[in-house]
Amino acid sequence: MLLHWQLCASIEKNMNNKLLNKRNINRKRAEKRFQLYGIVSIILAVAFLAVLIGSMLVKSLPAFTQTLILLEIHLDRAEIDPNFTDRPDIIGRADYRKIAKKAILSEFPSVKTRRDKRSLLKIYSRGVGFQLRSHVMHNPHLIGKKIKLWVQSSSDVDYFMKGGIDRGVSETERKIKDIQLLFLDRLVRENKIKRSFNSPFFTLADSREPEQAGILGAVIGSFFTLLVTLILVFPVGVSSAIYLEEFAPKNKWTDLIEININNLAAVPSIVFGLLGLAVLLNFFDLPRSTPIVGGIVLALMTLPTVIISARSSIMAVPPSIREAALGIGASPMQTVLHHVFPLALPGMLTGTIIGMARALGETAPLLMIGMVAFIVDLPRNLTDAATVLPVQIFLWADAPERAFAERTAAATIVLLVFLILMNLVAIMLRKKFERRW
């Protein structure tokens, strides 16, 4: 009987061991499958990101170069400053478009008919006169002389020189006409056409002509808008977080405030644009399409995020810091300002920068307050009409000209660079000032 009991117990033990081993094997297999799923997900995410950024880079690269044509221009003093005044207002009023047109036609004296002359003028940018005026205004000593100036080509010629137009197709299927191809072939033979770095893309504001369109106005508008946002959101957000976390009594009113803050962080951004349109523009009658209004709207949108991140940073400070400060006689305000706030500041700065990065990429709320307007002049202060980089990208993406497509991709790359730099700054600040407890 004893032997029978021992045999049964041994069999049962072996069965239990086999069952446990099988469960361990299944658990390890499940863990390996989970790890494999995670690795595959990361690889797919990186692959999609690489494809997205790679496609934008390929599309944007042509925008960083431009086609220039060498033009010999006689700056006749009789047409610019006949009285030798050397005054900028007199020099600036000259008809530089007419001077540039005369120089272009003199380059091809064999062109006689009006139709051929129009075709010839179309290979040059419409902004040649403005480019010539700017050059003369910066170099008034050139008046009366014959100069050589590299001027911009039209966007169609630029697109053709970059390989975007096939000259082998019939004339009716391309924007570059056969006679224009002959003009370009002659310029190539005489080394009067070249590609160079597109500096106007970074030094000019928006324009109807793609070859003259730049992002400087949008970059300045983004800077002014984010400056207003930072001035408003950081002190208000940090002060609110300190009060709620350190001084506010725990009752139903503070609970209601906390719930509303968390809810506001999830509200769609366009709602804040509607709020700015209804309150800031219609009620307070603030100027439309200005950085100060855009900054206020983005500050309202970013404020809940900053408050939540600041409260998390304050909660991360060990209670022993507060107890030690209070134990040596510090008041609650001194404890917060001299001990808790400096230790929580890195996290607050990180949250603020991340919130600002989100604000930099926003478009919908700014469209509601009129920052979608076509702005040619560079903004000089917070109340000048301006646009921001995401809105500029939105406008260019909707433009019918093909040359705006590459500029849209290039502006997107610039915006991504700014966003990456802001996130890197946030990571560096956290790494530099972070303390582990």
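A short tour of the structure in this document, coming up. Quantities reported herein were computed from a predicted structural model and do not represent experimental measurements.

## Structural notes on a positive patch on the surface
Here is step 1 of the chain: Taken together, the side chains of Arg 97, Lys 101, Lys 112, Arg 114, Arg 115, Lys 117, Arg 118, Lys 122 and Lys 177 make up a positively charged region of the molecular surface.
Here is step 2 of the chain: Every element with two or more residues in the positive patch is listed here: α4 (96-107) and α5 (114-121).
Here is step 3 of the chain: Sort the elements by how many residues they give to the positive patch and α5 lands first, with 4 residues.
Here is step 4 of the chain: Position of Lys 112 relative to the elements: it lies in the loop between α4 and α5.
Here is step 5 of the chain: Given the relative accessible area of 62%, Lys 112 is considered exposed.

## Side note on the sheet that holds strand β1 (residues 65-74)
Here is step 1 of the chain: Strand order in this open sheet of 3 strands is β2-β1-β3, and the pairing throughout is antiparallel. If you trace the sheet from one side to the other, it starts and ends with β2 (146-152) and β3 (193-197), each paired once. Across this sheet, the average inter-strand angle for adjacent strands is 40°, counted without regard to direction.
Here is step 2 of the chain: Sheet analysis places β1 next to β2, joined by 7 bridges and oriented antiparallel. Paired with Ile 69 across the bridge in β2 is Val 151.

## A closer look at the environment of Arg 87
Here is step 1 of the chain: Position of Arg 87 relative to the elements: it lies in the loop between α2 (77-80) and α3 (88-92).
Here is step 2 of the chain: For Arg 87, a relative accessible area of 43% translates into the label partly exposed.
Here is step 3 of the chain: Separated by 50 residues in sequence, Arg 87 and Met 137 place their C-alpha atoms 9.8 Å apart.

## Quick notes on the packing of helix α17 (residues 389-397) against helix α18 (residues 403-433)
Think of two packed helices as two axes; the pair is described by the angle between the axes and how far apart they sit.
Here is step 1 of the chain: Between α17 and α18, the least distance of the axes is 9 Å, while the angle of their chain directions is 160°. Relative to α18, α17 is oriented roughly antiparallel. Judged by the sense of rotation from one axis to the other, the crossing of α17 with α18 is left-handed. Contacts between α17 and α18 pair Leu 389, Pro 390, Ile 393, Trp 396 and Ala 397 from the former with Phe 404, Arg 407, Thr 408, Ala 411, Thr 412, Val 414, Leu 415 and Phe 418 from the latter.
Here is step 2 of the chain: Its residues assigned to classes, the contact of α17 with α18 comprises 10 nonpolar, 2 polar and 1 charged.

## So, the nonpolar core
Here is step 1 of the chain: Counting residues in each nonpolar core, the largest one holds 37 residues, and the members touching the most others are Phe 201, Ile 215, Leu 366, Ile 369, Leu 389, Trp 396 and Met 422.
Here is step 2 of the chain: Elements with a minimum of two residues in this core: α10 (216-247), α12 (269-283), α13 (291-315), α15 (332-360), α17 and α18.
Here is step 3 of the chain: No other element matches α18, which puts 7 residues into this core.
Here is step 4 of the chain: Grouped together as the second largest cluster of nonpolar side chains are 34 residues, Tyr 96, Val 111, Leu 149 and Phe 160 included.

## Description of the pattern of salt bridges
Here is step 1 of the chain: Scanning all chains against the criterion turns up 18 salt bridges.
Here is step 2 of the chain: A salt bridge links Asp 81 to Arg 77; the shortest N-O distance between them is 3.8 Å. We note that Asp 81, like Arg 77, is buried.
Here is step 3 of the chain: Arg 186 is the partner of Glu 190 in a salt bridge, and the nearest nitrogen-oxygen pair spans 3.0 Å.
Here is step 4 of the chain: A relative accessible area of 35% means that Glu 190 is categorised as partly exposed.
Here is step 5 of the chain: Overall, Arg 186 belongs to the partly exposed group, its relative accessible area being 25%.
Here is step 6 of the chain: Shared partners join several salt bridges into a network, and the residues in it are Glu 107, Arg 186, Glu 190 and Lys 192.

## Focus on α4
Here is step 1 of the chain: Here α4 contains 12 residues, and its C-alpha end-to-end distance of 17 Å stays within 8% of the 16 Å for a straight helix at 1.5 Å per residue.
Here is step 2 of the chain: Turning to α4, its buried residues are Tyr 96, Ile 99, Ala 100, Ala 103, Ile 104 and Glu 107. Taken down its axis, α4 places every buried residue within 135° of arc, on the same side. Of the exposed residues in α4, those oriented more than 90 degrees away from the buried face are Arg 97 and Lys 98.
Here is step 3 of the chain: Against the buried residues of α4 lie β1, α2, α3, α5, α6 (128-138) and α8 (178-189).

## Points about the environment of Ser 289
Here is step 1 of the chain: By the element assignment, Ser 289 lies in the loop between α12 and α13.
Here is step 2 of the chain: Taking the relative accessible area as the measure of exposure, Ser 289 reaches 5% and is therefore buried.
Here is step 3 of the chain: Those residues within four positions of Ser 289 in sequence are excluded, and the remaining contacts are Ile 369, Gly 370, Met 371, Ala 373, Asp 384, Ala 385 and Ala 386.
Here is step 4 of the chain: From its side chain, Ser 289 meets the backbone oxygen of Gly 370 in a polar contact 3.0 Å long.

Definitions and cut-offs
Residues numbered from 1 in each chain as written. Predicted model: local features only at pLDDT ≥ 70, side-chain atom pairs only at ≥ 80, totals over all residues. Heavy atoms only, no water. Patch = residues over 30% accessible without salt bridge, like charges linked within 9 Å, V, L, I, M, F, W, Y side chains within 5 Å. Areas by Shrake-Rupley, 256 points an atom, 1.4 Å probe, with all protein chains shown as cover. Salt bridge = Lys/Arg side-chain N within 4 Å of Asp/Glu carboxyl O. Lys, Arg positive; Asp, Glu negative; His and termini not counted. Charge placed at Lys NZ, Arg CZ, Asp CG, Glu CD. Helix = DSSP H or I, 4+ residues; strand = E, 2+ residues; numbered from the N terminus. Buried < 20%, exposed > 50% of the residue type's maximum accessible area, 1.4 Å probe, protein only. Pairing = 2+ DSSP bridges. Axes fitted to C-alpha atoms, helices over the stretch in contact; angles between N-to-C directions. Parallel < 35°, antiparallel > 145°, perpendicular 65-115°, else oblique. Left-handed = near helix turned anticlockwise from the far one by under 90°. Contact = heavy atoms within 4.5 Å. Nonpolar A, V, L, I, M, F, W, Y, C, P; charged D, E, K, R; others polar. Core = buried A, V, L, I, M, F, W, Y, C linked by side-chain atoms within 4.5 Å. Expected span 1.5 Å × (residues − 1). Arc of directions from axis to C-beta. Polar contact = N/O pair within 3.5 Å; in protein donor to acceptor, adjacent residues only side chain to side chain.

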